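A closer look at the structure
Spelled out from the first residue to the last, the chains are:
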Amino acid sequence: MSTAPPITARSRIRDVYAHPLGRDIIDKLLLQLGRSRRWVTNPIVGGVRLDRLPRWTGGRVDPGFVATLVDLLNQHPDVPVDDDTTPVTPAWWKEAVFYQIYPRSFSDSDGDGIGDLPGIIERLDHLEHLGVDAIWLCPVYDSPNDDNGYDIRDYRAILAEYGTMADFDRLLAEVHRRGMRLIMDLVVNHTSDEHPWFVEALRDPHSPYRAYYFLRPGAGDGSRPPNNWTSFFSGPAWRHYPEHDVWALHLFSSKQMDLDWDHAPMRADVVDMVRWWLDKGVDGFRLDVINYISKRPGLPDGDPTIGELMQFTGVEHYFAGPRLHEHLRQLRREAFAPYDAVAIGETPGVGIELGKLLTGEDRDELDLIFSFDHLEAPGRVRYDDYRYDLRDLRRVLERHQRAHGNRHWPALFFDNHDNPRMVSKVDPRPEHRVAVAKLLATIQLTLRGTPFLYQGQEIGMVNQDFTSIDQLRDVESRNRYADLLAAGRSEQEALADVLAGSRDHARTPMAWDAGPHGGFTTGVPWIAGDGDHQGCNVADSRADAGSVLAWHRALIALRRDLPALVYGAIDFDRSGRGHLWRYRRALGESEVVVVCNLGDRPRRFRTPGAGYALALSSGDSGSRLAAYEARVYVRRADRRD
Ligand code: TEU
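Because the structure is a prediction, the values reported are computed rather than measured.

A word on the overall build of the protein chain. Scanning the protein chain from terminus to terminus reveals 23 helices and 22 strands. Considering only intrachain contacts with a sequence separation of at least 6, the fraction spanning at least 24 residues in the protein chain is 70%. Summed over its atoms, the accessible surface of the protein chain is roughly 24500 Å², and 50% of this surface lies on carbon and sulfur atoms. Once the 79 positive and 94 negative side-chain charges of the protein chain are each reduced to a mean point, those two points are 8 Å apart.

Here it is as structure tokens:
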């Protein structure tokens, strides 16, 4: 493993940009600002010394930030190994199409309005019909549900509303019987404040669990938080316990208490818990915000400028902390490797280079990560109300695809439980809904990497027409709404802001049929949909050969039939301009050409040469590509023309 030259305050911007993590940080800042790389790669800016930045920016960047940046970069000196010569190492999780289930909203078997494990078992035939190979099951552990299960109270028990451990064992057996696999959500950056570890840590300053968390005296006379970090769910990242004269760190809700991963006994407990689930036969885990687990010692204040730009103060002190790689290696060595279990990291804020250091086959840390660079257009954040121009998506996806050689493997997703539906972000007009859903599916299932479909995406579910904050359930949305009101925004303005980015758009009940509540429950659902299931549900989709569901099935079948769509090299047609996106997958003699119209008007295009057969077309297969139409052409190795 080679390392980058050390960075000092006298290093120049070009030295930072030549450093793997430095490049990520600058690219992330440029993405947030909606600026091109030329902004920093030109000789003038490139030549600026770091210690001159405060003067150069008129004080907007303070010397503290420069010191933090130097520290951060020197803590991640490794340079990722890029290698396109050695063939890709085959793995089941590279060939699989995953399906993410948000259990609370998937299927309710007992009429209490809450999805449950028996409900999932009842719907496995749908997943088999769709053709997916593996399930990512969001948290089903015992939890007070402050963040719908991402606040775990008991890692070894099933939430009663979801069923019993016997139900879980039956689900796992049913999944395996169908030749599918199941991974669970590993939420170990934090626990619920009701977890016995935390209850004990708070009650007894001498408890062995005290060191499992960040319990600190307040600043000054103890009445202020220990630092200026802010929570992802509004407000300070510290909860005050005056009766204990202590503050507890929580990057997320005030009921989600961050674990101190520098404390070895805590890590050992996490390893034991992971092995307990792997002994049950679980095939791996998706690791929740796993890049946040290493915090900078001393928990220093965050830089206000960075906080403003990244929207969260303090993020530079934990998004890639000093012992991150060490902790991930221990987790892999002691928990995952002995079971050959897959480790999929959710890593908000991690860029291409750090992502390669986290997933490189030579690194023994994670197998693949969810990167978020593509989820918003440049200069945009989730709560901005805008139409996502797919040419922006194309640029960021091409950059990511080109950056991943044979030693790194990307995860491919557009929807999940934390984001509004991508179809709605691209084009909310009903007349384009089916075409956009099919186009996104084509891109996701033909690029190089592992696709993760999110429940409802396969039938083209879209954002909901919520009309009141009372209809929302997400702690992040509700806290944001309260913050906006407190800041003087009207109820209407606050609601409009929240609805632009609310995670609840993706958490309404899965639509199974046109019946009451879309067949999700015979009771009253914990969160109401807007009746969209009347025209968009599994049952009607299965009866319609032109449905989004049929399109997903056909793409998944094609992907299973063509190894080129899994292990094939990818190259992008540079001559493609603007809305016409064309790329090729090739493995041996077998080739696939994908042509996409990224815009809402018909466009002329060139069909591939002789020997290619049209395998799929989401439009009318005419001489021009219809609005948002995708086509897949195939030249098989065994084909003689
Ligand atoms: O989300 C982590 C996260 O930071 C973002 O992906 C998410 O959008 C969040 O809203 C921050 O803006 C993971 C889980 O996916 C999410 O459901 C949890 O709420 C969160 O961690 C805390 O466990």
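Attention now goes to the environment of H240. Locating H240 in the fold gives a position in strand 8 (residues 238-241). Considering only alpha carbons, one finds H240 and Q330, 90 residues apart in sequence, at a separation of 32 Å. If near-sequence neighbours (up to four positions away) are discounted, H240 is found in contact with G222, V246 and W247.

Let's shift gears to the nonpolar core. The biggest cluster of nonpolar side chains holds 192 residues, and the ones touching the most others in it are L137, F168, F285 and I443. A per-element tally of this core places helix 18 (residues 433-446) first, with eight residues. For F285, the residues in contact, after removing those within four places along its chain, are Y141, I183, M184, D185, L186, V274, W277, L278, F336, V342, A343 and I344. Y481, A494, V498 and L499 belong to the second largest nonpolar core, which has nine residues in total.

Here we come to the pairing of strand 18 (residues 590-597). Most of strand 18 sits out of view: eight of its eight residues are buried. Taking every second residue as pointing to the same face, both faces of strand 18 are buried, with S590, V592, V594 and C596 on one and E591, V593, V595 and N597 on the other. The pairing of strand 18 with strand 22 (residues 630-635) spans six bridges and is classified as antiparallel. Each bridged residue has a counterpart across the sheet, and for E591 the counterpart in strand 22 is R635.

Read from one edge of the open sheet, eight strands run 13-12-11-5-2-1-15-14, paired in parallel fashion. On the outer flanks of this sheet lie strand 13 (368-370) and strand 14 (411-412), each paired with one strand and no other. When strand 12 (residues 342-346) meets strand 13, the two strands line up parallel, connected through three bridges. Note that in strand 13 the partner of G345 across the bridge is I369.

Read from one edge to the other, the open sheet built from three strands follows the order 7-9-8, with strand pairing classed as antiparallel. Each edge of the open sheet is held by one strand with a lone partner, namely strand 7 (215-216) and strand 8. As paired strands, strand 8 and strand 9 (residues 246-249) are joined by four bridges and run antiparallel to one another. Across the sheet, H240 pairs through a bridge with W247, a residue of strand 9.

With that settled, the discussion passes to the confidence of the model for the protein chain. A residue-level look at the protein chain finds 99% of positions with pLDDT of 70 or above and a mean pLDDT of 95. When pLDDT is averaged over each helix and strand of the protein chain, the minimum, 86, is found for helix 13 (residues 304-310) and the maximum, 99, for strand 1 (residues 98-101).

Close to the ligand lie 17 residues, the nearest being D147, D288, D418, E476 and R503. Within the side chain of H190, a nitrogen or oxygen atom sits 3.0 Å from an oxygen atom of the ligand. One nitrogen or oxygen atom from the side chain of R503 is found 2.9 Å from an oxygen atom belonging to the ligand. The fraction of the free accessible surface of the ligand (490 Å²) that becomes covered by protein chains is 94%. Counted by class, the shell around the ligand contains five nonpolar, three polar and nine charged residues.

A grouping of R10, R12, R14, R52 and R55 is seen on the molecular surface, where their side chains present a positively charged patch. Relative to the helices and strands, R12 resides in the segment before helix 1 (13-18).

Geometry of an aromatic ring pair is reported as the spacing of the ring centres plus the angle between the planes. Taken as a whole and assessed by the stated rule, the structure comprises 32 aromatic pairs. Both rings, one in F98 and one in F452, keep their centres 4.6 Å apart while their planes meet at 20 degrees; by these two values the pair is stacked. Linking F98 in strand 1 with F452 in strand 15 (residues 450-454), this pair joins segments that are 354 residues apart in sequence. Each member of the pair, F98 as well as F452, carries the same accessibility label: buried. Ring geometry for F370 versus F452: centroids 4.7 Å apart, planes at 80 degrees, classification edge-to-face. Here F370 is found in strand 13, whereas its partner F452 is found in strand 15, with 82 residues between them in sequence. Each member of the pair, F370 as well as F452, carries the same accessibility label: buried. Put simply, the rings of Y141, Y155, F168, W197, Y209, Y212, W276 and W277 touch in pairs and so form one group of aromatic residues. In this structure, R104 packs its charged tip against the face of W526, placed 5.3 Å from the ring centre.

What counts, and where the lines are drawn
Residues numbered from 1 in each chain as written. Predicted model: local features only at pLDDT ≥ 70, side-chain atom pairs only at ≥ 80, totals over all residues. Heavy atoms only, no water. Helix = DSSP H or I, 4+ residues; strand = E, 2+ residues; numbered from the N terminus. Contact = heavy atoms within 4.5 Å. Areas by Shrake-Rupley, 256 points an atom, 1.4 Å probe, with all protein chains shown as cover. Lys, Arg positive; Asp, Glu negative; His and termini not counted. Charge placed at Lys NZ, Arg CZ, Asp CG, Glu CD. Core = buried A, V, L, I, M, F, W, Y, C linked by side-chain atoms within 4.5 Å. Buried < 20%, exposed > 50% of the residue type's maximum accessible area, 1.4 Å probe, protein only. Pairing = 2+ DSSP bridges. pLDDT = per-residue confidence, 0-100. Near = heavy atom within 4 Å. Polar contact = N/O pair within 3.5 Å; in protein donor to acceptor, adjacent residues only side chain to side chain. Nonpolar A, V, L, I, M, F, W, Y, C, P; charged D, E, K, R; others polar. Patch = residues over 30% accessible without salt bridge, like charges linked within 9 Å, V, L, I, M, F, W, Y side chains within 5 Å. Salt bridge = Lys/Arg side-chain N within 4 Å of Asp/Glu carboxyl O. Phe/Tyr/Trp six-rings, centres within 6.5 Å; stacked < 30°, edge-to-face > 60°. Lys NZ or Arg CZ within 6 Å of the ring centre and 35° of its normal.

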